[in-house]
Structures are given as C-alpha cells and as structure tokens.
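Each chain, written out:
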Amino acid sequence: MTQAFSTLRINSDRMLDSFSQLASIGATADGGVNRPTFSEAHLTARQWFKEEIEKSGLEFHTDGAGNHSAILKSSAGRVAPHGFGGAYRDQTFLLGSHLDSVPNGGRFDGALGVMAALEVLKTVKENGIRLKVNLEAIDFTDEEGTLVGLLGSAALAGHLHQKDLASPRGGRENLVAGMKRAGLSEESMLSAARPKDSLAGYLELHIEQGKRLERAGMNIGIVSAIVGIWSYRLSFIGRADHAGSTTIDDRLDASLGASAFTLAARELVMRDFPNCVVNVGKMDFAPGAFNIVPARVDLALEFRSPDEEEFNRLDIALLELAQKEARRFGLELEIEFLGKHSPSIMHEKVCNAFAASCDDLGLMHVSLSSGAGHDGQSLADLCPVGMIFVPSVDGASHSPREFTKWEDCVNGANVLLQTVLRLAAG
Ligand code: GLV
Ligand code: MN
Ligand code: MN
C-alpha cells in the first residue's frame, strides 16, 4: 500500500456525531435502544440512515429484502483488487452490519458496524481515492432474528427460501405485518438475491459481546469462525385445571415439563457438549393465570455450535431430553423446527489483511471465534468474508449495559478503512 493510503484515518468526531444521532432513535431510559426489525423505531432509523447517505453525496440503494445501502461507485472498476486475484469487473466490496436491535438491546450491536462502514465510504470519497471495486455500506434487515434472523443477508446471498418465511421464529403474523409496514412482500424478499460473482468481499466491524479482548488487554479481535445457530419451538401440552381444588398428583402441569427440560438441557450441554451453548429465551404459558394449572407452555429454544457434526448430535440429544421430560410429567410434546444458520470460517486472506492493518496502526490483535451470529455467515460461500471485534466493557451485550470505549470504536473503524484500502485499492 502506498504511504498516502497508510496515513489515512476516519473522522472520529464525524462518526461519533452520526453514532449519537442513531443511538437517540429508539433510545430507552436505561441507555440502550429498542429497535426490533420493522418496529417504528427501526423504520425511523432506516429513514435517518437514508437521509444521512444522501447528505453525504453517496448513492442510496435499497432492495427487495429492505437492506439499505450507501454506494460509492468505483471510478476505475475494471481491475482485480490487490490480494484476491481474478478478473473483478464492476464488483462490489461490501461493508456493513445492522440497525435492528434485540428488544431492549444496546447502542453498539450492529449500529457501530454500519456507522463505521458509512464513515469509511465518506473518508474514501472525500480523499478522492480511486478504488478498483464499488464500495457499499449496508444495513442488513433483521440480523437479530426477532423475525427470521440474518434475513437480509440470506436474501442477498440467495439462501432465503419460502420455507424460511413460512414458520419464522418471530411468528408468521409478526413477519407479515412487519413486511407490510416496511413496504416489502414475500415475493420481494425472495427475489433480492444478487448475481453470484457480484461481490468482491464482505467486511464487518462489530463489538465483541464477550470478555476475551478486555481480559487479554487486546485492541482488536480478528474473527476466525462464526458459530452456527439452530432454533425450535417446543410445546409441552398438559391440561388446564383448578389450581386450588386439583390435588398436586392429579395435574398435567405443562410448566413442569418445560422447566425440567430447561434445567436438564443446561446440564447436558455442560457435561457432554462443552463447545456448545443452549438457551431457553422465552416461555409462553396458556391459559396463563394465577389460578389455572398451565395447559400449555411454548418454549423458545436456541442452541449454538461451531461444528456441524456436533450440531447433529446435540440436536438429537436435546429433542430426546424434551421427550423424556414431557413423559415424566404425563405431557404431550410438539416440536417445531424454526431454522438454522450454519457455522462458517472466515477467509484467510481477509484475516491476514486485518492483521497487517492492525500491525501498521500499532494495535494489538488476537484471533478468536464468534459465539454470536453475524451476517457474514450468510455470505461466506459467496465471497471472501472477514470480521473484526473491538472490546466490550465487561462483556455486556444484548442489554442496555452494552458499552465500548469510543477510542476502541475508532480503532476498529481505522482497521476497517485500512483493510479496505489494502484489499480494494491499487
Ligand atoms: C445475534 O446477535 C445473535 O447472535 O443472536
Ligand atoms: Mn450484531
Ligand atoms: Mn445482536
């Protein structure tokens, strides 16, 4: 890379100003944000992002999946970017993350990556740098899975299918109502795939959402692999009865199967699957009253593994456990599979380019895997994908406690900028 490029830095004040404006949309009293996909706050954030793009003199683009992007067209656009080889004609180098949040989430998850991506485009544009590929800063739809999960990136990658929209983990009615609010449809979602060779690469900056960087005193984590995620709805079905006059031994109490399964699943994973995690994030009781024995509990089950083969074994073990606990309390069990995201490995050349950028910037870096899901896993079989993490204070995330020092955010954005220049400039 030329000397002129290696001294280039993003504008920290400008990025902070954008980040703060975004954090005020859907802000909660405890310092977080509440922007579930296609909620009013989420759509407002997207409208703000669109206006921010237009103010910057960048091109705005949206697609059938509702992904929102800023585009900086290549002025050269004909030659292979340094590092990857191949004849790249009119390809796009994608940078991004997501503006949706989990319910009552934090300000940094996703938002930092989108604001850093936009800031990289602004920096490249104002410095008149000629890249050999188009640069695009994208806000992917529904990364968090309040509706489907990795929805926008799966659609763009051509991995989204009708069955994924038929029984989404956030509920079909919510998905349909959300798409309507956003002016999207099932047909538009399913036709948002980009041509297979149109992407030159995908890079994402994200907060770590764990404690490893902070504990190790490292500035940057270079992600080696992203975990896979499988989701189910398990319904334990018993019988409604009077909670006062029915003796304890005469009840078919759905809550007992659901609770016993939750505890036993934790033990199973800790004992037999130490590389995996399991989570029961929600239980809905029906009829749901103080004085009625629960007739039905719908339980939201998610489990994660870095390894496809281990997934299959864990899947069997968890479903057998659910059957066993249901039988133990005389209950029926209904099992609804709600989708999976495969684990994926990050591209070696991108990881090496990130490492070289960190070295040039004097930042300490370490390789680590991601226990959180990210849009890069949708794109990994399409183009070279890489991610970096910056430290999360106390590892907090998916919570209003989520915090990353601004200096760390700026470090991450500069690594992103330098890596784009390394891979996409001549
Ligand atoms: C996304 O943040 C996920 O890992 O659930
Ligand atoms: Mn995220
Ligand atoms: Mn998240």
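Residues numbered from 1 in each chain as written. Chains lettered and ligands numbered in written order. Predicted model: local features only at pLDDT ≥ 70, side-chain atom pairs only at ≥ 80, totals over all residues. Heavy atoms only, no water.

With respect to the element layout, glycine 210 can be found in the loop between β5 (199-207) and α9 (212-216). Taking relative accessible area as the criterion, glycine 210 reaches 17% and is therefore assigned buried. Along the sequence, glycine 210 and serine 198 sit 12 residues apart, while their C-alpha atoms lie 34 Å from each other. Residues contacting glycine 210, with those up to four places away along its chain left out, are Ser392 and Gly395. (Helix = DSSP H or I, 4+ residues; strand = E, 2+ residues; numbered from the N terminus. Buried < 20%, exposed > 50% of the residue type's maximum accessible area, 1.4 Å probe, protein only. Contact = heavy atoms within 4.5 Å.)

Turning our eyes to something else, we now look at the coordination of the manganese ion (ligand 3). All of the protein donors around the manganese ion (ligand 3) are Asp109 (OD), Glu144 (OE), Glu144 (OE) and His398 (NE2); their distances to the metal are 2.1 to 2.5 Å. Binding-site remark: the manganese ion (ligand 3) is held by donors from one chain whose sequence spacing is D-x34-E-x253-H. If you look at the manganese ion (ligand 3) and the manganese ion (ligand 2), they sit 3.5 Å from each other and are both ligated by aspartate 109. Taken together, the residues aspartate 109 in the loop between β3 (92-97) and α4 (111-126) and histidine 398 in the loop between β13 (385-390) and α14 (406-424) connect sequence positions 289 residues apart. Aspartate 109 sits in the buried class, given a relative accessible area of 6%. (Donors = N, O, S within 2.8 Å, 3.2 Å for Na, K, Ca; no water.)

Enumeration over the complete set of coordinates arrives at 24 salt bridges. Between arginine 233 and glutamate 336 there is a salt bridge, with the nearest N and O atoms lying 2.9 Å from each other. With arginine 233 in strand β7 (residues 228-237) and glutamate 336 in strand β10 (residues 332-341), this residue pair connects regions lying 103 residues apart in the sequence. Under the relative-accessibility criterion, arginine 233 is labelled partly exposed at 24%. (Salt bridge = Lys/Arg side-chain N within 4 Å of Asp/Glu carboxyl O.)

Parsing the protein chain into structural domains produces domain 1 (3-225 + 344-424) and domain 2 (228-341). Summarising the inter-unit geometry, the C-alpha centres of domain 1 and domain 2 are found 34 Å apart. Taken together, the 10 residues of domain 1 in the interface contact 10 residues of domain 2. Both sides together, the interface formed by domain 1 and domain 2 hides about 700 Å², and carbon and sulfur atoms give 41% of it. Three residues, Ser167, Arg169 and Gln377, lead the burial of domain 1 against domain 2; their summed loss comes to 59% of the area buried on that side. At the junction of domain 1 with domain 2, the criterion picks out one salt bridge. For arginine 169, the salt bridge is made with glutamate 302, and the minimal N-O distance between the two is 2.8 Å. Between domain 1 and domain 2 we count four residue pairs in polar contact (both at pLDDT 80 or more) in total. In the side of domain 1 that touches domain 2, the residues fall into four nonpolar, five polar and one charged. (Domains from an automatic or database assignment. Buried area = accessible area lost by both parts, 1.4 Å probe. Polar contact = N/O pair within 3.5 Å; in protein donor to acceptor, adjacent residues only side chain to side chain. Nonpolar A, V, L, I, M, F, W, Y, C, P; charged D, E, K, R; others polar.)

At a minimum axis separation of 9 Å, α4 and α14 run at an interaxial angle of 50 degrees. Considering their axes alone, α4 and α14 lie oblique with respect to each other. Here α4 runs over α14; the crossing is right-handed. The segment α4 lies against α14, with Leu112, Ala116, Ala117, Val120, Thr123 and Val124 engaging Cys409, Ala413, Leu416, Leu417, Val420 and Leu421. The residue inventory of the contact of α4 with α14, partitioned by class, reads 11 nonpolar, one polar and no charged. (Axes fitted to C-alpha atoms, helices over the stretch in contact; angles between N-to-C directions. Parallel < 35°, antiparallel > 145°, perpendicular 65-115°, else oblique. Left-handed = near helix turned anticlockwise from the far one by under 90°.)

Judged by pairing direction, the sheet is antiparallel, and its four strands sit side by side in the order β8-β9-β7-β10 without closing on themselves. Of all the strands in the sheet, the pair left with one neighbour each is β8 (277-286) and β10. The mean inter-strand angle of the sheet, taken between neighbouring strand axes irrespective of direction, is 15 degrees. Summarising the sheet, β7 and strand β9 (residues 296-305) pair through 10 bridges and their orientation is antiparallel. The residue of β9 that forms the bridge with isoleucine 237 is arginine 296. Taken strand by strand, helix α10 (residues 254-272) contacts β7, β8 and β9, and its axis lies near 175 degrees from that of β8. Where helix α11 (residues 308-328) meets the sheet, its contacts fall on β7, β8, β9 and β10, and the angle it forms with β7 comes to roughly 10 degrees. (Pairing = 2+ DSSP bridges.)

Throughout the structure, instances matching the rule amount to 11 aromatic pairs. Judged by centre distance (6.1 Å) and plane angle (55 degrees), the rings of phenylalanine 303 and phenylalanine 311 are tilted. The burial state of phenylalanine 303 is the same as that of phenylalanine 311; both residues are buried. Joined through ring pairs, the aromatic side chains of Trp230, Tyr232, Phe303, Phe311 and Phe337 make up one cluster. Sitting above the plane of the phenylalanine 60 ring, lysine 50 keeps its charged end 5.2 Å from the centroid. (Phe/Tyr/Trp six-rings, centres within 6.5 Å; stacked < 30°, edge-to-face > 60°. Lys NZ or Arg CZ within 6 Å of the ring centre and 35° of its normal.)

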